[in-house]
Amino acid sequence: MNLLYTEAPIRKRQQHRIGKECIEAFRVLGIEYESSAAAVHWFNKENLLAVLLPLLKVETYGYPLSTAVARCFHVVSENNIEVTSVCTQQDVLSGLFSLLALRQPGIDNVLFRTLITGILLNLPDVDLSQYYKDIVAATVDALDTKLTVIIESALEGQHQADEELSFDPELTWPAVDKLISAQGVSLELLANLCCTDGEWEDAEDEESSDDQAVGASSLDVDMTGDAPESLCLPSELNSAFLEQNILSKILSTASSTHPDLLKRLEASQCGKTTLIKLSQLRQRALLCLGNLVEAVDASFLSQSVSLTEIWGHLYKLTQAEKENQNEDMKWALTCALRAVIQRLEMMQLSNLCDMSESDLDFLVSVGTESTNREIQINVLRILSTIACMMSQQRQLTGLFKRISETLLEVATKNPDVVIVSEALDSLFDVFKEDHTDPIAKHIGLVDKLRSLQPSFKAMIAREKKKLGENSGVVMMAKANLQGFIKYKLSQR
């Protein structure tokens, strides 16, 4: 780092070498800060923020170095009170906002401003509500830049270089990597804006204590109505999202790459690496989409892309991925499908109750053909939500019966105690209303659940030490199973 401040004369070639070394140093530091609390402590102790801040002056140091510094700054500012307290000082804060407003043509500017946005969103004590419009616009700039055009240009550059037998991948692919990086960070920031708990992952909080689980379930299973809709996204953020048509842009990023372009990438050595990055980008987009669908208010959804349209698009994407072996992509798709169908149920807007038997077979196959527990759980929740919607609309058709039988089969035959617990919880939701009792009787629900109790308890005892964070849902299902059977028997 001291090379930046040397007073000795430096030739142009030496300056270039020093610049590359500094960029690489900041890249390595960013990786270290992301994985090591000790490294972050060292950063704070040595007051390295004082070194980083001046280097953000892109007009002085250029985009390569300033972007490397911004990336490092973005990482080290997360949950770092010592850094964020300095950033709340008026001169530092105004400097960051001026960098956010620095709009110039080119991918370098898009990536740099996206990282500056990330730094600002890491400042918990700063009221950003009046800046949401600019913040969302900065993230959308990355999504608006056409990635396929940049990839086409890179492929064409490679083709011409191949013909000249002097191809250097560093000459054409950096632009692709920068834009993929910018779009990935943008999606992460948008997802974080939609999470009240600040988590990027599309996850649900589960009780971790057996006592808490049993205590919460000591009463009979609640057979009354659904919980009211509770969303807390600021109105300024809703407006900014709506103005930018954010749902359509995220959905576009999540969409499949054109087959012809895929073939060209597969035929290129650099393209194969890009395909991996594109898949990861699509997964981020799907998780971001799920977070946004869960967080925005009803008025936003009524003015944006309809949830049924999103469901249809995601369903087609899932069909397209059916034969692929990428379980991470299937998990992201089922997370997004689950978020959309649950929001449809919450808003009582769905016309999905007329789905076909083949649609049901496909959804079931997504779960049964996967070895990924989370994918299987997502499919269970998707199916149970569809059945709950049918119950709400009193459409207890053959499809409702088939979904119920599928859930019951998983609950009584699956060897995974966590999946069994999720299937049981799904059944409790589906059959909580008394008007579903005829179907419950037809499939022998209560009797089969009574027969399941001993083996389910044995599974829990056998796996209890391995449950970890899943202990809450398992113990809750155990307690609710007894309450559910008791309630249904009392209705006979």
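First, a word on scope: everything that follows refers to the structure included in this document. Note that this is a predicted model, so its numbers are computed, not measured.

The rules behind these values
- Residues numbered from 1 in each chain as written.
- Predicted model: local features only at pLDDT ≥ 70, side-chain atom pairs only at ≥ 80, totals over all residues.
- Heavy atoms only, no water.
- Core = buried A, V, L, I, M, F, W, Y, C linked by side-chain atoms within 4.5 Å.
- Buried < 20%, exposed > 50% of the residue type's maximum accessible area, 1.4 Å probe, protein only.
- Helix = DSSP H or I, 4+ residues; strand = E, 2+ residues; numbered from the N terminus.
- Contact = heavy atoms within 4.5 Å.
- Polar contact = N/O pair within 3.5 Å; in protein donor to acceptor, adjacent residues only side chain to side chain.
- Axes fitted to C-alpha atoms, helices over the stretch in contact; angles between N-to-C directions.
- Parallel < 35°, antiparallel > 145°, perpendicular 65-115°, else oblique.
- Left-handed = near helix turned anticlockwise from the far one by under 90°.
- Nonpolar A, V, L, I, M, F, W, Y, C, P; charged D, E, K, R; others polar.

## Examining the nonpolar core
Phase 1 of the analysis: The biggest cluster of nonpolar side chains holds 160 residues, and the ones touching the most others in it are F73, I116, F241, I250, L314, F431 and L449.
Phase 2 of the analysis: Here this core gets 12 residues from one element, more than from any other, and that element is helix α15 (residues 269–295).
Phase 3 of the analysis: F431 has contacts with F400, S404, T436, I439, A440, I443, L445, F484 and K488, leaving out every residue within four places of it along the chain.

## Side note on the side chain of S370
Phase 1 of the analysis: Mapped onto the fold, S370 is located in the loop between α19 (357–368) and α20 (373–392).
Phase 2 of the analysis: Among the polar contacts made by the side chain of S370, one reaches the main-chain amide nitrogen of N372 at a distance of 3.0 Å.
Phase 3 of the analysis: Contacts of S370, omitting those with residues within four sequence positions, involve E327, I375 and Q376.

## Quick notes on the packing of helix α8 (residues 132–144) against helix α12 (residues 235–243)
How two helices pack is summed up by the angle between their axes together with the distance between the axes.
Phase 1 of the analysis: For the pair α8 and α12, interaxial distance at closest approach is 9 Å and the crossing angle is 40 degrees. With respect to α12, the element α8 is oriented oblique. The two elements α8 and α12 cross, and the hand of that crossing is right-handed. Counting all contacts with α8, which are made through Y132, K133 and V136, the residues of α12 involved are E236, L237, A240, F241 and E243.
Phase 2 of the analysis: Residues that form the contact of α8 with α12 fall into these classes: five nonpolar, no polar and three charged.

## Quick notes on the side chain of N44
Phase 1 of the analysis: For N44, the position within the fold is in helix α2 (residues 37–45).
Phase 2 of the analysis: Other than its neighbours up to four places away in sequence, N44 contacts N80, E82 and V83.

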